[in-house]
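Descriptive analysis of the structure
This is what each chain is made of:
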Amino acid sequence: MDRQALVKKWTPSPLTLILLGLIVYLWFRPPADVSDEDRAAPPWQVTLTDGRVLTSEALRGKVVLVNFWATWCPYCRKEKPVIDDFWQDHRARGFEVVSISVDDPPDKIAAWMADKGYAFMAAPTNASVAAAFGHVASVPTSFVVDAEGRIRHKIAGQVHYPRLEKLVAPLLPGAAQP
């Protein structure tokens, strides 16, 4: 087979390149469905991996990202460094993260978080969390809760820094109000 025939045989069409690009984009930054909720959350509580009990009332006055995840979920693994970076950058302004594992016991969650170097709060899910946020059908799913305890946004899918900037930053103290 001559070189020209070989090159022609292996030259992808523009449509093939577009489809491959779309697949790569979705793999590294899958779409997320963001909805405005603006509803009060019933009281909830979790037992953190260190044994402390955290209540929703203790989080009043802070803007909270409640992030549902699993250690086996590749998108959850990709978003955790982003969540950690955003938390590190904004926690002094009253931002907090509560990472809720949908299926792992506290010891496995604690080991995974420690291995990755994440210091934000983590806990296994329970009935009070399910009652407050509803049935989480897929992970990752996150909720943005404002300082008054209202669920403002639901993010069904992977979060990224610009999305957190858009949804969380305006709720933090000192943010310019529209």
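This text goes with the structure placed above it.
Now for a look at the structure at hand. As the structure is a prediction and not an experimental result, all values here were calculated from the model.

Note on strand geometry: in a regular strand, side chains alternate between the two faces of the sheet. In terms of burial, strand β5 (residues 95-101) is a largely internal element, 7 of the 7 residues being buried. The pairing of strand β4 (residues 63-69) with β5 spans 7 bridges and is parallel. Considered in β5, the bridge of Val66 is made with Val98. In this fold, the crossover linking β4 to β5 by way of helix α3 (residues 74-90) has right-handed handedness. As paired strands, β5 and strand β6 (residues 121-124) are joined by 4 bridges and run parallel to one another. Residue pairing for β6: Val98 is matched across the bridge by Met121. The β-α-β motif built from β5, the intervening helix α4 (residues 106-116) and the parallel element β6 has right-handed crossover chirality.

Let's shift gears to the sheet that holds β5. Pairing is mixed in the open sheet, where 6 strands are placed in the order β1-β8-β7-β4-β5-β6. Strands at the two margins of the open sheet, each flanked by one partner only, are β1 (33-40) and β6. Adjacent strand axes in the sheet meet at a mean angle of 20° when their direction is disregarded. Here strand β7 (residues 141-145) pairs with strand β8 (residues 150-156) via 5 bridges, running antiparallel. Of the residues in β8, the one forming a bridge with Val145 is Ile151.

Moving on: α4. Of all the residues in α4, the buried ones are Ile109, Trp112 and Met113. Buried residues of α4, viewed axially, fall in a sector of 95°; they line one side. Facing away from the buried side of α4 by more than 90 degrees, the exposed set consists of Asp107, Ala114 and Asp115. In this structure, the buried side of α4 is in contact with β4, α3, β5 and β6. Where α4 ends, the next residue or the one after it, Gly117, has phi of about 80°, a positive value.

Here the distance between the centres and the angle between the planes together describe a pair of aromatic rings. For the structure shown, the criterion picks out 10 aromatic pairs. Pairing Trp44 with Phe133 gives two aromatic rings, centres 5.5 Å apart and planes at 65°, and the pair type is edge-to-face. Residue Trp44 is located in the loop between β1 and β2 (45-47), and its partner Phe133 is located in helix α5 (residues 127-133); the two are separated by 89 residues in the primary sequence. On the accessibility criterion, Trp44 (6% relative accessible area) is buried. Relative accessible area serves as the criterion here: at 4%, Phe133 is assigned to the buried category. Note on Trp69 and Trp112: the rings are 4.9 Å apart at their centroids and 40° apart in plane angle, and the pair reads as tilted. Taken as a pair, Trp69 in strand β4 and Trp112 in helix α4 lie far apart in primary sequence, 43 residues in all. Trp112 matches Trp69 in its accessibility class, with the two residues each being buried. Here the aromatic residues Trp69, Trp87, Trp112, Tyr118 and Phe120 are joined through ring pairs into a cluster of three or more. Above the plane of the ring of Trp87 lies Arg91, whose end atom (NZ or CZ) is 4.4 Å from the centre.

Analysis parameters
- Residues numbered from 1 in each chain as written.
- Predicted model: local features only at pLDDT ≥ 70, side-chain atom pairs only at ≥ 80, totals over all residues.
- Heavy atoms only, no water.
- Buried < 20%, exposed > 50% of the residue type's maximum accessible area, 1.4 Å probe, protein only.
- Helix = DSSP H or I, 4+ residues; strand = E, 2+ residues; numbered from the N terminus.
- Pairing = 2+ DSSP bridges.
- Right-handed = clockwise from strand over helix to strand, strands pointing away.
- Axes fitted to C-alpha atoms, helices over the stretch in contact; angles between N-to-C directions.
- Arc of directions from axis to C-beta.
- Contact = heavy atoms within 4.5 Å.
- Phe/Tyr/Trp six-rings, centres within 6.5 Å; stacked < 30°, edge-to-face > 60°.
- Lys NZ or Arg CZ within 6 Å of the ring centre and 35° of its normal.

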